[in-house]
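Listed below are the residues making up each chain.
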Amino acid sequence: MSTTTTLQKAGDPTGEPGSAKPSDGLKAGLKNRHLSMIAIGGVIGAGLFVGSGGGIAKAGPAILLSYLLVGAMVVFVMRMLGEMAAASPNSGSFSAYADRALGRWAGFSIGWLYWFFWVVVLAVEATAGAKILEGWVPAVPQWGWALIVMAVLTVTNLGSVASYGEFEFWFAGIKVVAIGAFVIVGMLAVFGVLPGSDNPGAGFAHLTDTGGFMPNGWGSVLTGVLMVVFSFMGSEIVTLAAGESEDPRRAVTKATNSVIWRIGVFYLGSIFIVLTLLPWNDKSIVDKGSYVAALDSIGIAHAGQIMNVIVLTAVLSCLNSGLYTASRMAFSLGERGDAPKAFAKVSKRGVPVTAILGSVVFGFAAVYFNYTSPDTVFSFLLNSSGAIALFVWLVICLTQLRMRGILMREAPEKVTVKMWLFPYLTWATAAMITFVLGYMVYDKDNRETVMLSLLVAAVVVVIGVVRSALRRKDAVEAVADASVDA
């Protein structure tokens, strides 16, 4: 098989570096500024604003180590994914690469699991946004707001990929400006030089003055890892979106190279500010949320409402990207014959309408169950999708171990982004992810999530393996029939 033919299977039929036009019917409607902001905003989820308080309460200042460990893991995973995506941009991203490197069953399994994860996220984020909006306009019931939010973003995604990119550009921009301003203002308050601040300006004293840096021991750091790991999900979205950009390889390379400072500033930087403004065991961190508590300590009026606006923006951003990501994964699965063929059809604007609507329907159903059966059906959906992020990262590691050899044999000039210390760091990252999954089983608060996620994953993998076996059988029979006819 020639190099060009082989690369066509990975989603790059031209084999030309920087090919701007997607090969699969999707249009290159995303501009470089869209991709840049998607890459930056993709690592800033609503979980950072809402869930960080619980992690601080568990681990104290040592939660910084939890964020550092998970952040390093994400940097390594993104580096591996960037290596593959820069060489062969594809709307199916890691699912398409797993399909090629590990087998059809792997691409099928991880693709559908990832789709499932994001359609459940749609329901979670729609509900979170509806709660904020209901507080502002109580005349509209919460479920009504959830439907409105879902409907508006569905229409946006159905319009064109440029519409998605434009919405995400502004959503992500607000998040970036908000966190950047928080870090700058907070640092001034930490040293007592912020005009009009109520904060005593204790410097870095709060990192050690209440039981030390690690008040609850090393175990709390691992517990913190479990609490923060899911807030990082979404960093890989840029590699799916790159396939619809003007210059996919440049976009992926830029996003991969910048992931270190993005995680350093937005996660480690902002949490560091919270921990230096307040003692880690201050009750307001849990009661109000870490960022609101920090802003209150500075003396900024209406801190709660300010954060509600920012959290709503983060929620809408996550919904927008979740719908885009789920639909593109469904499109890729349909294109490879692992989903209904209708999912692979695009409109005149290059939009996979059926894939979007199919994802939205499941999302609407999940929203419905969130209100009618929150403790049964929706609880199952939520728990059974909870560990899929880690499964995805693990599959990326295993895929990259195989893909490096394939790419170096067939088109070494395309490997413009390389994983550091290959293969040792790849194996170390896979081991870290496996350890986190094992610790989730050990931890009683996360055991149900990982076990249900494993159950769903096992069912999907079995289906994938059976499908692959049946396809091989059909292929062998077809060859035999052709030989007989000859």
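Residues numbered from 1 in each chain as written. Predicted model: local features only at pLDDT ≥ 70, side-chain atom pairs only at ≥ 80, totals over all residues. Heavy atoms only, no water.

Undergrad: Even after reading the chapter, I still don't get the overall build of the protein chain, so can you show me in this structure?
TA: Within the protein chain, the secondary structure is distributed over 19 helices and zero strands. Relative to its length of 486 residues, the protein chain is compact, with a C-alpha radius of gyration of 23 Å against a globular reference of 23 Å. The buried share of the protein chain, reckoned over its 486 residues, is 56%. When contacts within the protein chain are restricted to residue pairs at least 6 apart in sequence, those whose partners lie at least 24 apart make up 81%. Accessible surface computed for the protein chain: about 19300 Å², of which carbon and sulfur atoms make up 67%. Here the protein chain contributes 34 positively and 30 negatively charged side chains, and the mean placements of these two sets differ by 5 Å. (Helix = DSSP H or I, 4+ residues; strand = E, 2+ residues; numbered from the N terminus. Rg over C-alpha atoms; globule rule 2.2 N^0.38 Å. Buried < 20%, exposed > 50% of the residue type's maximum accessible area, 1.4 Å probe, protein only. Contact = heavy atoms within 4.5 Å. Areas by Shrake-Rupley, 256 points an atom, 1.4 Å probe, with all protein chains shown as cover. Lys, Arg positive; Asp, Glu negative; His and termini not counted. Charge placed at Lys NZ, Arg CZ, Asp CG, Glu CD.)

Undergrad: Any chance you could explain the packing of aromatic side chains here in plain terms?
TA: How two aromatic rings sit relative to each other is given by the distance of their centres and the angle of their planes. Summed over all chains, the structure comprises 20 aromatic pairs. Where F182 meets Y291, the ring centres are 5.0 Å apart and the plane angle is 55°; that geometry is what we call tilted. Remark: Y291 occurs in helix α13 (residues 290-298) and F182 occurs in helix α8 (residues 161-190); sequence separation between them is 109 residues. Just as F182 is buried, Y291 falls in that class too. Relative to F272, the ring of F204 lies with its centre 5.5 Å away and its plane at 55°, an arrangement referred to as tilted. A residue pair is termed long-range when its members are at least 10 positions apart, and F204 in the loop between α8 and α9 (218-228) and F272 in helix α11 (residues 248-277) qualify at 68 residues. Relative accessible area serves as the criterion here: at 42%, F204 is assigned to the partly exposed category. Through pairs of rings, three or more aromatic residues link up here, namely F94, Y114, F117 and W118. (Phe/Tyr/Trp six-rings, centres within 6.5 Å; stacked < 30°, edge-to-face > 60°.)

Undergrad: Can you help me understand the environment of S359 in this one?
TA: Mapped onto the secondary structure, S359 falls in helix α15 (residues 353-372). Sequence-wise, S359 and A85 are 274 residues apart; in three dimensions their C-alpha atoms are separated by 24 Å. Beyond its immediate chain neighbours, meaning those up to four positions away, S359 contacts W115, V119, L122, L323, A326, S327 and A330. Reaching out from S359, the side chain makes a polar contact with the side chain of W115 at a distance of 2.9 Å. (Polar contact = N/O pair within 3.5 Å; in protein donor to acceptor, adjacent residues only side chain to side chain.)

Undergrad: What is the right way to read the side chain of H206 from this model?
TA: Structurally, the position occupied by H206 is in the loop between α8 and α9. Here D209 takes part through its side chain, which lies 3.0 Å from a polar atom of the side chain of H206. When near neighbours in sequence (up to four residues on either side) are disregarded, H206 contacts P61, L275, T276, L277, L278 and P279.

Undergrad: Sorry if this is basic, but what is going on with helix α2 (residues 32-41) here?
TA: Side chains three or four residues apart in an α-helix point the same way, a direct result of the helix having 3.6 residues per turn. Buried residues dominate α2, accounting for seven of its 10 residues. Residues of α2 that are buried include every one of H34, L35, M37, I38, A39, I40 and G41, and no others. Buried residues belonging to α2 abut α8, α10 (237-241) and α11.

Undergrad: Help me understand a nonpolar patch on the surface, please; the structure alone is not making it clear to me.
TA: There is a patch of nonpolar side chains on the surface, built from I184, L188, F191, V193 and F204 and spanning about 480 Å² of accessible area. Along the chain, L188 turns up in helix α8. For L188, a relative accessible area of 36% translates into the label partly exposed. (Patch = residues over 30% accessible without salt bridge, like charges linked within 9 Å, V, L, I, M, F, W, Y side chains within 5 Å. Salt bridge = Lys/Arg side-chain N within 4 Å of Asp/Glu carboxyl O.)

Undergrad: Explanation requested: the pattern of salt bridges in the structure shown.
TA: Where side chains of opposite charge bring their charged atoms close, a pairing between them can arise. Tallied over the full model, the rule gives 10 salt bridges. When the shortest N-O distance is used, the salt bridge between R404 and E83 registers 2.8 Å. With R404 in helix α17 (residues 388-410) and E83 in helix α4 (residues 63-87), this residue pair connects regions lying 321 residues apart in the sequence. Note on R404: relative accessible area 13%, which makes it buried. Through salt bridges that share partners, D99, R104, R336, D338, R467 and R471 make up one connected network.

Undergrad: Help me understand unusual backbone geometry in this model?
TA: Most peptide bonds take the trans configuration, and most residues that are not glycine carry a negative phi. Residues F422 and P423 are joined by a peptide bond in cis, for which omega reads 0°. Of note, P423 is situated in the loop between α17 and α18 (424-442). The backbone of S93 shows a phi angle near 45°, a positive value even though the residue is not glycine. Looking at the element boundaries, S93 is found in helix α5 (residues 93-101). The exposure class of S93 is buried, given its relative accessible area of 0%. Located in the positive-phi region is L421, a residue other than glycine, with phi close to 50°. If you trace the backbone, L421 turns up in the loop between α17 and α18.

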